[in-house]
Amino acid sequence: MARTKQDENFSNNVIWYNFILCILVIFIHARNDSIFTLPVLISGIPVWNEIESFLAADVAGAAVGGFYIGSGYLFFRNYSWKRVFSKYKSRMRSLVIPYILWTLLYFFIHAAISRIPVLASVFQEPLIEISWRTMLDAVIHYRYCAFLWFLQFLILYAALSPAIYLLISNRYSGGAAILLVFFTACTNIIKNEQAAAVTNWMTLYMLGGYIGIHLKGIV
């Protein structure tokens, strides 16, 4: 099926959107103002630290939220009850399988390092048992690649997509549902730290999905 000019423009816009967010993520992890705090203060121009702190913490910090909004938008912009299983199939290829492969790759890298005395000493890596139990633990808890929490949350949201769609498919009740999740995330009702984080980011994911369903013409 040939792509229309509109489809091509939309795809290009998504690429640019993700590219900008990736640059912001790099800003977050490249922050080094703490290294130069004392010399900058001595020189009497702490404004440079303040600028870097603003860019890396306040501006770039929006990147993670931006990814969740974008992911929710792309997932639900053409969602329907008839497409539930096709959505599951596509996310199995684009999310679940890559997540499992990356978590296992990092597991085996760490396991190999733990068996090489010199490297184990440098990286302070205790001996890692290779078994189904330890591999399952590595996948479920992203044990050796903590940054993949983002992917695990997206997998969970995709699994819950029928319930999320039911909540946000109506313009008015959907807005109320998002506000409810938002206020739940802002309180201490949920005591489990992981569950609280899932609820927190779900607010933005649902917001992106809501925009994809009700406001995609504007976008």
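Residues numbered from 1 in each chain as written. Predicted model: local features only at pLDDT ≥ 70, side-chain atom pairs only at ≥ 80, totals over all residues. Heavy atoms only, no water.

1. What to know about the environment of Thr 203
Note the threshold: Numbering of helices and strands starts at the N terminus; helices are DSSP runs of H or I of at least 4 residues and strands are runs of E of at least 2. Contacts are assigned to residue pairs that have any heavy atoms within 4.5 Å of one another. For this analysis, a polar contact is any N or O atom pair within 3.5 Å, provided that within protein one partner can donate a hydrogen and the other can accept it, and provided that sequence-adjacent residues contribute only side-chain to side-chain pairs.
Structurally, Thr 203 is set in helix H11 (residues 193–214). Taking the C-alpha atoms as reference points, Thr 203 and Phe 150, separated by 53 residues in sequence, lie 14 Å from one another. With residues up to four places along the chain from it excluded, the contact list for Thr 203 reads Ile 178, Val 181, Phe 182 and Ala 185. Only 3.4 Å separates the side chain of Thr 203 from the backbone oxygen of Thr 199, close enough to count as a polar contact.

2. Examining the packing of aromatic side chains
For the record, the criterion: When two rings of Phe, Tyr or Trp (its six-membered ring) have centres within 6.5 Å they constitute a pair, described as stacked for plane angles under 30 degrees, edge-to-face for angles over 60, and tilted for the intermediate range. We call a residue buried when its accessible area falls under 20% of the maximum for its residue type, exposed when it is over 50%, and partly exposed in between, using a 1.4 Å probe and counting protein chains only. Over a ring means this: the NZ of a Lys or the CZ of an Arg is within 6 Å of the ring centre and within 35 degrees of the ring normal.
Counting across every chain of the model gives 24 aromatic pairs. A centroid spacing of 5.0 Å and a plane angle of 35° characterise the contact between Tyr 157 and Tyr 205, whose relative ring orientation is tilted. With Tyr 157 in helix H8 (residues 149–159) and Tyr 205 in helix H11, this residue pair connects regions lying 48 residues apart in the sequence. Tyr 205 matches Tyr 157 in its accessibility class, with the two residues each being buried. The aromatic ring of Phe 10 is capped on one face by Arg 77, whose charged end is 3.9 Å from the ring centroid. In this structure, Lys 87 packs its charged tip against the face of Phe 75, placed 5.0 Å from the ring centre.

3. Brief notes about a nonpolar patch on the surface
Just so we agree on the cut-off: Exposure above 30% relative accessible area and the absence of a salt bridge qualify a residue for a patch, where like charges join within 9 Å and nonpolar side chains (Val, Leu, Ile, Met, Phe, Trp, Tyr) within 5 Å. Note on areas: these come from Shrake-Rupley sampling with a 1.4 Å probe, and a residue is covered only by the protein chains present in the view. When a carboxyl oxygen of Asp or Glu lies within 4 Å of a side-chain nitrogen of Lys or Arg, that pair is called a salt bridge.
Taken together, the side chains of Trp 16, Phe 19, Ile 20, Ile 23, Ile 26 and Phe 27 present a nonpolar region at the surface, about 620 Å² in accessible area. In this fold, Phe 19 is placed in helix H1 (residues 5–29). The class of Phe 19 is partly exposed, set by a relative accessible area of 44%.

4. Quick word on H8
Buried within H8 we find Phe 150, Leu 151, Gln 152, Phe 153, Leu 154, Tyr 157 and Ala 158. Where the residues of H8 are buried, they touch helix H4 (62–76), helix H5 (84–114), helix H7 (132–140), helix H9 (161–168) and H11.

5. With respect to the environment of Tyr 73
Here Tyr 73 is to be found in helix H4. Taking the C-alpha atoms as reference points, Tyr 73 and Ile 168, separated by 95 residues in sequence, lie 12 Å from one another. The residues contacting Tyr 73, other than those within four sequence positions of it, are Phe 10, Gly 208, Gly 209, Ile 211, Gly 212, Lys 216 and Val 219.

6. Digging into the confidence of the model for the chain
Which entries qualify depends on this criterion: Every residue is assigned a pLDDT by the predictor, reflecting its confidence on a scale from 0 to 100.
When the pLDDT values of the chain are averaged, the result is 88; 92% of them are 70 or greater. Per-element averaging of pLDDT across the chain places helix H2 (residues 37–43) at the bottom with 58 and H9 at the top with 97.

7. Quick look at the nonpolar core
Our working definition: Note on terminology: a nonpolar core comprises buried Ala, Val, Leu, Ile, Met, Phe, Trp, Tyr and Cys residues joined through side-chain atoms within 4.5 Å.
Within the largest apolar cluster, 35 residues are counted, with the highest numbers of intra-cluster contacts made by Tyr 68, Phe 76, Leu 154, Tyr 157, Ile 164, Tyr 205 and Met 206. Of all the secondary-structure elements, those providing two or more residues to this core are H1, H4, H5, H8, H9, helix H10 (171–186) and H11. In contact with Met 206, not counting residues within four places along its chain, are Ile 164, Leu 167, Ile 168, Ala 177, Ile 178 and Val 181. By size, the runner-up hydrophobic cluster in this structure holds five residues, among which are Phe 107, Ala 111, Met 135 and Ala 138.

8. Focus on the side chain of Thr 103
Relative to the helices and strands, Thr 103 resides in helix H5. Of the residues examined, Thr 103 reaches a relative accessible area of 1% and is grouped as buried. Reaching out from Thr 103, the side chain makes a polar contact with the backbone oxygen of Tyr 99 at a distance of 2.9 Å. With sequence-adjacent residues up to four places away left out, Thr 103 is seen in contact with Ala 138, Val 139, Tyr 142, Cys 145 and Leu 148.

9. Describing the state of the cysteines
Operational definition: In this description, a disulfide is simply a cysteine sulfur pair whose atoms lie within 2.5 Å.
Taken as a whole, this structure holds zero disulfides when the rule is applied. This cysteine, Cys 22, is not joined by any disulfide, and Cys 145 carries the nearest cysteine sulfur, 17 Å off. Given the relative accessible area of 2%, Cys 145 is considered buried.

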